[in-house]
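Report on the structure
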Amino acid sequence: MQFAFDNSFHADMQGFYAPAEAAKPSAPRLLAFNDALAERLGFDRRGVDADELARMFSGEELPEGAAPIALAYAGHQFGHFSPQLGDGRALLLGEIVAPDGARFDIQLKGSGPTAFSRGGDGKAAIGPVLREFLVSEAMAAMGVPTTRALAAVATGECVERERAHPGAVLTRVASSHIRVGTFQFFAAHFGADHVVQLSDYSIARHFPDLADAANPHLALLDRVIGLQCALIARWLGVGFIHGVMNTDNVAISGETIDYGPCAFMDRFAANTVFSSIDATGRYAYGRQPQIMHWNMARFAEALLPAIHRVSPADVEAAKALVDAIPGRFRAAWHAQVREKLGLSTSAGDDAELIDRLFDELEKHRVDFTTFFRALAMLLRGEGAMMQALLPAPDAMAPWIADWWQRIEQDAANPLDLADAMDAVNPLYIPRNHRVEAALEAAEAGDPAPWLELLEVVRQPFAARAGRERFAEPAPADAAPYTTFCGT
Ligand code: AMP
Ligand code: MG
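Calculation criteria
- Residue numbering note: each chain is counted from 1, following its sequence as written.
- Whichever chain is written first is A, and whichever ligand is written first is 1; the rest continue in order.
- It should be noted that, the model being predicted, local features are given only for residues of pLDDT at least 70 and side-chain atom pairs only at 80 or more, the latter also being counted only at that level, while totals for whole chains, interfaces and linings use all residues.
- Excluding hydrogens and water, the side-chain values take into account all heavy atoms of the structure.
- Only DSSP runs of H or I with at least four residues qualify as helices, and only runs of E with at least two residues qualify as strands; both kinds are numbered from the N terminus onward.
- Remark: exposure states derive from per-residue accessible area (1.4 Å probe, protein chains only) relative to the maximum for the residue type, with buried under 20%, exposed over 50%, and partly exposed in between.
- Surface accessibility follows the Shrake-Rupley procedure with a 1.4 Å probe radius. Residue values consider only the protein chains on display as shielding.
- Positive residues here are Lys and Arg, negative ones are Asp and Glu, while His and the chain termini are left out of the count.
- The location of each charge is read from NZ of Lys, CZ of Arg, CG of Asp or CD of Glu.
- With water omitted from the atoms examined, metal sites may look incomplete; donors here are N, O and S atoms no farther than 2.8 Å from the metal, or 3.2 Å in the case of Na, K and Ca.
- Segmentation of the chain into domains, including their bounds, is taken from an automatic or database domain assignment.
- For this analysis, residues touch if any pair of their heavy atoms sits within 4.5 Å.
- Buried area counts how much accessible surface, traced with a 1.4 Å probe, disappears from two parts once they are put together, with both parts' losses summed.
- By salt bridge we mean one thing: a side-chain nitrogen of Lys or Arg within 4 Å of a carboxyl oxygen of Asp or Glu.
- Polar contacts, as counted here, are pairs of nitrogen or oxygen atoms within 3.5 Å of one another; within protein the pair requires one atom able to donate a hydrogen and one able to accept it, and residues that are adjacent in sequence qualify only if both atoms are side-chain atoms.
- Neighbouring residues are identified by heavy atoms, a residue being near a molecule or strand if any of them is within 4 Å of it.
- In this classification, Asp, Glu, Lys and Arg are treated as charged, Ala, Val, Leu, Ile, Met, Phe, Trp, Tyr, Cys and Pro as nonpolar, and every other residue, Gly included, as polar.
- Only buried residues count toward a nonpolar core. Its members are Ala, Val, Leu, Ile, Met, Phe, Trp, Tyr and Cys residues joined through side-chain atoms within 4.5 Å.
- Here a Phe, Tyr or Trp ring, Trp counted by its six-membered ring, pairs with any other such ring whose centre lies within 6.5 Å, and the pair is stacked when the planes are under 30 degrees apart, edge-to-face when over 60, and tilted otherwise.
- Ring-over charges, as used throughout, are those where CZ of Arg or NZ of Lys falls within 6 Å of the ring centre and within 35 degrees of the ring normal.
- Each helix should span, by expectation, one fewer than its residue count multiplied by 1.5 Å.
- Arc definition: it is the arc formed by the directions from the helix axis to the C-beta atoms.
- Structural elements are reduced to axes, namely lines fitted to C-alpha atoms, with helices fitted over the stretch in contact, and the angle between N-to-C directions of any two is expressed from 0 to 180 degrees.
- Every angle not falling under 35 degrees, over 145, or within 65 to 115 is termed oblique; those three ranges are roughly parallel, roughly antiparallel and roughly perpendicular.

Observations concerning the overall build of the protein
Tallying secondary structure elements over the protein gives 18 helices and 12 strands in all. Seen along its three principal axes, the alpha-carbon backbone of the protein occupies a region of about 65 × 60 × 45 Å. For the protein, buried positions account for 56% of its 487 residues. Taken as a whole, the protein presents about 19,000 Å² of accessible surface, with 54% of it coming from carbon and sulfur. A distance of 2 Å separates the average location of the 42 positive side-chain charges in the protein from that of its 62 negative side-chain charges.

Remarks on the coordination of the magnesium ion (ligand 2)
In this structure, Asn 249 (OD1) and Asp 258 (OD) serve as the protein donors to the magnesium ion (ligand 2), at separations of 1.9 to 2.2 Å. We classify Asp 258 as buried; its relative accessible area is 11%.

What about the domain arrangement of the protein?
Structurally, the protein comprises domain 1 (8-174) and domain 2 (180-333). Summarising the inter-unit geometry, the C-alpha centres of domain 1 and domain 2 are found 23 Å apart. Residue-level contacts link 36 residues of domain 1 with 37 residues of domain 2. Both faces considered, domain 1 and domain 2 share a buried interface measuring about 3,000 Å² in area, 62% of it formed by carbon and sulfur atoms. Of all residues in domain 1, Phe 16, His 76 and Phe 78 bury the most surface against domain 2, accounting for 23% of the area lost on that side. Scanning the region where domain 1 abuts domain 2 turns up four salt bridges.

Section: the side chain of His 364
Along the chain, the position of His 364 falls in the loop between helix H11 (350-363) and helix H12 (368-379). A residue is classified by how much of its surface remains accessible, and His 364, at 15% relative accessible area, is buried. There is a polar contact of 3.1 Å between the side chain of His 364 and the backbone oxygen of Ala 395. Beyond its immediate chain neighbours, meaning those up to four positions away, His 364 contacts Pro 391, Ala 395 and Met 396.

A look at the site of ligand 1
In the region of ligand 1, 18 residues are neighbours, and Gly 86, Gly 88, Arg 89, Asp 121 and Gly 122 sit closest. Between Gly 88 and ligand 1, the recorded distance is 2.7 Å, taken from a backbone N or O atom to an oxygen atom. Within the contact set of ligand 1, a nitrogen atom lies 3.0 Å away from a side-chain nitrogen or oxygen of Asp 121. Relative to its unbound accessible surface of 490 Å², ligand 1 loses 85% to contact with the protein. Here the residues of the shell around ligand 1 sort into two nonpolar, eight polar and eight charged. Here the shell around ligand 1 spans two domains, since at least three of its residues come from each of domain 1 (8-174) and domain 2 (180-333).

Things to note about the environment of Val 238
Looking at where Val 238 falls in the secondary structure, it is placed in the loop between helix H7 (216-237) and strand S11 (240-241). Residue Val 238 is classed as buried on the basis of its relative accessible area of 4%. Residues Val 238 and Phe 264 lie 26 residues apart in sequence; the distance between their C-alpha atoms is 7.7 Å.

Notes on the nonpolar core
With 128 residues, the main nonpolar core has Phe 57, Met 139, Phe 183, Phe 299, Leu 357, Phe 371 and Trp 399 as its most contacted residues. With 12 residues, the top contributor of residues to this core is H7. Residues lining this core come from more than one domain, with at least three contributed by each of domain 1 (8-174) and domain 2 (180-333). Those residues within four positions of Phe 57 in sequence are excluded, and the remaining contacts are Phe 3, Phe 33, Phe 43, Leu 108, Leu 150, Ala 151, Val 153, Val 169 and Thr 171.

Considerations on the pattern of salt bridges
Applying the stated criterion across every chain, the model contains 40 salt bridges. The shortest N-O distance in the salt bridge between Arg 172 and Glu 132 comes to 3.5 Å. Highlighted residues: Arg 172 in strand S10 (residues 164-174) and Glu 132 in helix H4 (residues 126-141), separated in sequence by 40 residues. The burial state of Arg 172 is the same as that of Glu 132; both residues are buried. Taking the shortest distance from any N to any O, the salt bridge between Glu 455 and Arg 467 comes out at 2.7 Å. Within this pair, whereas Glu 455 is found in helix H17 (residues 448-457), its partner Arg 467 is found in the loop between H17 and helix H18 (468-471), the two being separated by 12 residues in sequence.

A look at the environment of Ala 90
Within the secondary structure layout, Ala 90 lies in strand S6 (residues 90-97). The class for Ala 90 is buried, based on a relative accessible area of 6%. Along the sequence, Ala 90 and Asp 394 sit 304 residues apart, while their C-alpha atoms lie 52 Å from each other. In this structure, Ala 90 is in contact with Ala 70, Gln 107, Leu 108, Lys 109 and Thr 114, ignoring residues within four places of it in sequence.

Looking at the packing of aromatic side chains
Inspection of the entire model under this criterion finds 30 aromatic pairs. Seen in terms of ring centroids, Trp 333 and Phe 358 are 5.4 Å apart; in terms of plane orientation they differ by 40 degrees. Their pairing is tilted. With Trp 333 in helix H10 (residues 325-340) and Phe 358 in helix H11, the pair connects residues that are 25 residues apart, well separated along the chain. The residues Trp 333 and Phe 358 share a single accessibility class, namely buried. Ring pairing ties together the aromatic residues Phe 268, Tyr 285, Trp 333, Phe 358, Phe 368, Phe 371, Phe 372, Trp 399, Trp 403 and Trp 404, which thus form one cluster. A cation over an aromatic ring shows up here: Arg 298 above the ring of Trp 294, its NZ or CZ 4.4 Å from the ring centre.

A short note on helix H14 (residues 397-410)
Under the 1.5 Å per step criterion, the end-to-end length of H14 is 20 Å for 14 residues, consistent within 8% with the ideal 20 Å. Within H14 the residues assigned to the buried category are Trp 399, Ile 400, Trp 403, Arg 406, Ile 407 and Asp 410. The buried residues of H14 all sit within an arc of 120 degrees when viewed along its axis, so they share a single face. In H14, the exposed residues that point more than 90 degrees away from the buried face are Pro 398, Gln 405, Glu 408 and Gln 409. Structurally, H14 contributes buried residues whose contacts are with H11, H12, helix H13 (384-389) and helix H15 (414-422). Directly after H14, the chain includes Ala 411, whose backbone phi takes a positive value near 55 degrees.

Focus on the packing of H7 against helix H8 (residues 288-310)
At their nearest, the axes of H7 and H8 sit 9 Å apart, and the two run at 170 degrees to each other. Put simply, H7 runs roughly antiparallel to H8. For the pair formed by H7 and H8, the contact residues are His 217, Leu 218, Leu 220, Leu 221, Val 224, Ile 225, Gln 228, Cys 229, Ile 232, Trp 235 and Leu 236 on the first element and Gln 288, Pro 289, Met 292, Met 296, Phe 299, Ala 300, Leu 303, Ala 306, Ile 307 and Val 310 on the second. Its residues assigned to classes, the contact of H7 with H8 shows 18 nonpolar, three polar and no charged.

As structure tokens, this is what we get:
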């Protein structure tokens, strides 16, 4: 036995997908395999060598029990509704149930055209595949909810983008691939019956405790809003910019999904944008909470036929849930920042302290990631790291003094607090300049820098000798970083 497939979407949701087949690559070669994840999934690898893994996770030879389908979905892309998107370069092999009972989708990304490809080739290039593998592993290691990467396989073929690149297939593992855009598709084209069916399926799969709610569809909206508030607070907490927060890239499970032009911020600036396709800064770092709010309003609209069917009066309740998002997000965000600052209690003027912090970080262009590690070093009586970060020795002195005073109110041992801060503030993130260099080398045939970076970001919190350079920001005079959707 290798995978215990149990394909509930395939069995229960006919009409919500199209059957599909994987292209068979000419010369699949395993680039990376996630052994820890395989074990967590209960994938029995014994006797399976790298060549067989490469065949299995490139589409050449489907694992036993797979029932490949492409999912239908729609989505608002940069604010404009696209009624028909769907898995255009992805294939859901099926679902497996891990030994602990958790259910996961196993999906191939880049395995050739489907009914939803709209003229695209359905393929993926090695750069984006290795970027998603690396960044999703880093997010998982930092404790941010995310889809995972099980395997990356080079196909031996070329894909044509702005130029030819080596092709690859990513095996993605998600608690499901149901998106806001999935609801939008069925609301737009089919109406209430389909929305109810999708909502019921989603509840049974992800949130069985909601099945008995007075209006389960309203309860689903409430739950997904809560998860999105928590998720975006986590993103902001690690300086993550998703880059393409379209509603088709919002998973209702609350996992980060679709790592395209994403990147991490170095020096703090709320308007930071890296994506070459985001010319107006719609998905800038600091706009992500507002966009989440907007996306949840679209989710509410798509759910309305189902909510209304159970109780017309609940339409108002749905509106109230959406209107309450800014307050709910702010609470999640402040809890997140308090943790980063070592504050174990909440006090009346924390909001002011937090708002001032981000003004100061922006004013002095401080490296976001290192700052919180440097704060913890102050608690240990070591100021050199903070000194090295600031443009002038006393640049943030008043804020730091106020923070210190606030810390003393909590009356914990400063050394314990410093350790608690280090356990939530990553030291090693996938720094843009390192990601870029690693992907370039991998594309040219040298996987070593990518493998080394992966190893480093998989243990983001504990400082390790010999890894100092991975904690350093890009040189101040580095050219501005730009990411390309390059899928
Ligand atoms: P994304 O912006 O990456 O989330 O993708 C948006 C839509 O474009 C999805 O429906 C994808 O399946 C589709 N898509 C992206 N790249 C390709 C490709 N190379 N071939 C076919 N469809 C694609
Ligand atoms: Mg997408």
